[in-house]
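Notes for the structure review
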Amino acid sequence: MKNAAFRAHTNIALIKYWGKEDETLFIPMNSSLSLTLNELYTDTFVSRLDEGAKDSFILNNHEQSEEETKKISKFLDLFRKEAGISSAFRVESINHVPTAAGLASSASAFAALAGAMNQVTGLQMDPQKLSTYARRGSGSSTRSLFGGFVEWQKGTSSEDSMAIPIDPADWDIGMVIVAVNKTAKKISSRLGMKQTVETSPFYPAWVSSAKDDLIAIKEAIHEHDFKRLGEITEHSAMKMHGSMLGAKRPIIYFEPDSMKAIQTVKKLREEGLLCYVTMDAGPNVKVLCRLSEAEKIKQKLLEDFTEEQVLISGPGPGIRPLTDN
Ligand code: DP6
């Protein structure tokens with residue numbers, strides 16, 4: 001096969017992945033669990049090039065630097081090795097995220113690329129095995145192979161550190177995303193987690209409590225207990241950020257506008273509306289809610305944020321091919 005194209009949706013962790021046991025193989029310290037989102041996704045097209053050509057990488061219509069292309073080439077090497085080929089590829093990715101949101105995600109990017117490479121090389125790995133490949137591009141992309149609620153089981157080796165779909169999330173679940181700041185992150189998640197693992201005295205507590213949270217959240221999902229799901233989600237995010245605050249130097253992703261959104265959510269909850277906050281390695285706030293109540297939450301947030309900063313999404317599907325050639 002010469003060409004392949006795949007779509008992958010991004011995911012937001014409810015039990016966060018924060019810290020690696022093995023930095024080369026992207027084996028995490030703790031298992032995590034996420035919700036795949038419908039509104040944010042990446043489309044990736046790959047073409048096998050003729051003998052003698054070099055890999056190229058185009059993102060959102062812009063040819064990427066040699067340095068960026070090198071990162072992609074390293075990822076493509078995993079597939080070349082498995083398939084026993086040496087050809088170069090042209091990789092073109094388009095991120096479908098609202099332009100002002102600044103929510104471009106490596107999760108959907110590497111999951112879409114993994115899907116396309118699996119097809120173009122004829123490897124035909126099943127999605128679970130493919131998730132172990134996506135993982136080597138960016139840990140969180142492991143979970144984007146599947147839709148709905150997805151667990152990334154830490155596993156014991158590179159072969160079994162993989163994603164497992166848990167539940168399709170077809171029971172009135174959604175997220176309101178508040179794009180607080182669209183400029184690039186100051187500290188990447190890769191660096192932030194490394195610094196936390198190495199220097200935060202709170203880190204061991206994060207790992208052990210993430211284990212308990214994972215068991216509890218799976219029960220909540222199984223029972224469709226939204227309140228418990230939300231409480232565990234918010235607690236997990238705050239504990240992750242707590243472990244970062246204990247790092248030397250402290251890692252702080254909160255901005256004044258993040259706090260504003262958090263206060264709004266707290267106030268809505270006091271008024272009886274069930275909604276819960278989660279945050280990743282940046283100042284944006286994601287509100288886990290009933291999809292049927294998302295518009296109400298959005299309207300409240302619009303008192304402090306603009307229309308283009310607030311986005312509603314329902315649960316999204318797993319990766320899928322865009323062409324059959
Ligand atoms: C806070 O997957 O971006 O979003 O594996 O180094 O590429 P690398 O890190 P990345 O980390 C995501 C961290 C997080 C939590 C999560 O998505 O689980």
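Here the structure is a predicted model, which means the values were calculated and not measured. In this convention, every chain numbers its residues from 1, walking through the sequence in written order. Restriction of local features to residues with pLDDT of at least 70 applies here, the model being predicted, together with a cutoff of 80 or more for giving and counting side-chain atom pairs; totals for whole chains, interfaces and linings are based on all residues.

Elements are defined by DSSP. Helices are runs of H or I of four residues or more, strands are runs of E of two residues or more, and each kind is numbered from the N terminus. How far a helix is expected to stretch is found by multiplying one less than its residue total by 1.5 Å. Between its terminal C-alpha atoms helix α5 (residues 203-222) stretches 29 Å, which fits the 28 Å expected from 20 residues at 1.5 Å a residue. Where α5 is concerned, the buried positions are Y203, W206, A210, D213, L214, I217 and I221. Two residues qualify as a contact pair if the distance between their C-beta atoms, derived from the backbone, is within 7 Å. Each element contacted by the buried residues of α5 is listed here: β1 (3-15), β4 (32-48), β8 (149-153), β9 (162-167), α4 (189-199) and α6 (226-245). H224 lies just past α5 and shows a positive phi near 55 degrees. Each residue is classified by how many other C-beta atoms fall within 10 Å of its C-beta atom, where C-beta atoms are placed from the backbone; a count of 20 or more means buried, 12 or fewer means exposed, and values in between mean partly exposed.

Turning to the site of the ligand, a few remarks are in order. Using a C-beta atom placed from the backbone for every residue, we mark a residue as near a molecule or strand if that atom lies within 6 Å of it. Near the ligand there are 14 residues, and of these A13, Y17, S138, G139 and S140 occur at the shortest range. Polarity classes work like this: nonpolar for Ala, Val, Leu, Ile, Met, Phe, Trp, Tyr, Cys and Pro, charged for Asp, Glu, Lys and Arg, and polar for all others, with Gly in that last group. Here the residues of the shell around the ligand sort into five nonpolar, six polar and three charged.

Two measures define how a pair of helices packs: the angle their axes make with one another and the distance between the axes. Lines fitted to C-alpha atoms define the axes here, with helix axes fitted over just the stretch in contact, and angles between the N-to-C directions of these axes take values from 0 to 180 degrees. Running from amino to carboxyl end, helix α2 (residues 106-120) crosses helix α3 (residues 127-134) at an angle of 120 degrees, the nearest separation of the two axes being 9 Å. Considered as vectors, α2 and α3 are oriented oblique to each other. Relative to α3, the crossing made by α2 is right-handed. On α3, the residues touching F110, A111, A114 and N118 of α2 are L130, Y133 and A134. The labels follow the angle: roughly parallel below 35 degrees, roughly antiparallel above 145, roughly perpendicular from 65 to 115, and oblique for the rest. The hand of a helix crossing depends on one turn: near helix anticlockwise from the far one by less than a right angle means left-handed, and clockwise means right-handed.

Turning our attention to the nonpolar core. Of all hydrophobic cores here, the largest spans 88 residues; its most connected members are A111, L113, A116, M175, V176, V178 and V287. Ranked by the residues each element gives to this core, the list is headed by α2, at 10 residues. Ignoring anything within four residues of it in the chain, the contact list for V176 reads V287, C289, A294, I297, K298, L301, V310 and I312. We define the nonpolar core as any set of buried residues of the types Ala, Val, Leu, Ile, Met, Phe, Trp, Tyr and Cys, connected via C-beta atoms lying within 7 Å of each other.

Here the focus is the confidence of the model for the protein. In the predicted model, the protein carries a mean pLDDT of 95, and 97% of its residues have values of at least 70. Both scores are given for the predicted complex: the pTM is 0.96, the ipTM 0.99. Values of pLDDT, the confidence the predictor places in each residue, fall between 0 and 100.

Note that A5 resides in strand β1. Taking the C-alpha atoms as reference, A5 lies 6.3 Å from V46; in sequence the two are 41 residues apart. Once residues within four sequence positions are removed from consideration, A5 is found in contact with D43, T44, F45, A116, P321, L322 and T323.

A word on the pairing of strand β7 (residues 89-96). Pairs of strands are assigned from DSSP output, requiring at least two bridges between the strands. The pairing of β4 with β7 spans eight bridges and is classified as antiparallel. If you follow V46 over to β7, its bridge partner there is V91. As defined by bridge partners, strand β5 (residues 56-59) adjoins β7 across four bridges and the pair is classed as parallel. By the bridge assignment for β7, L59 is matched with S93.

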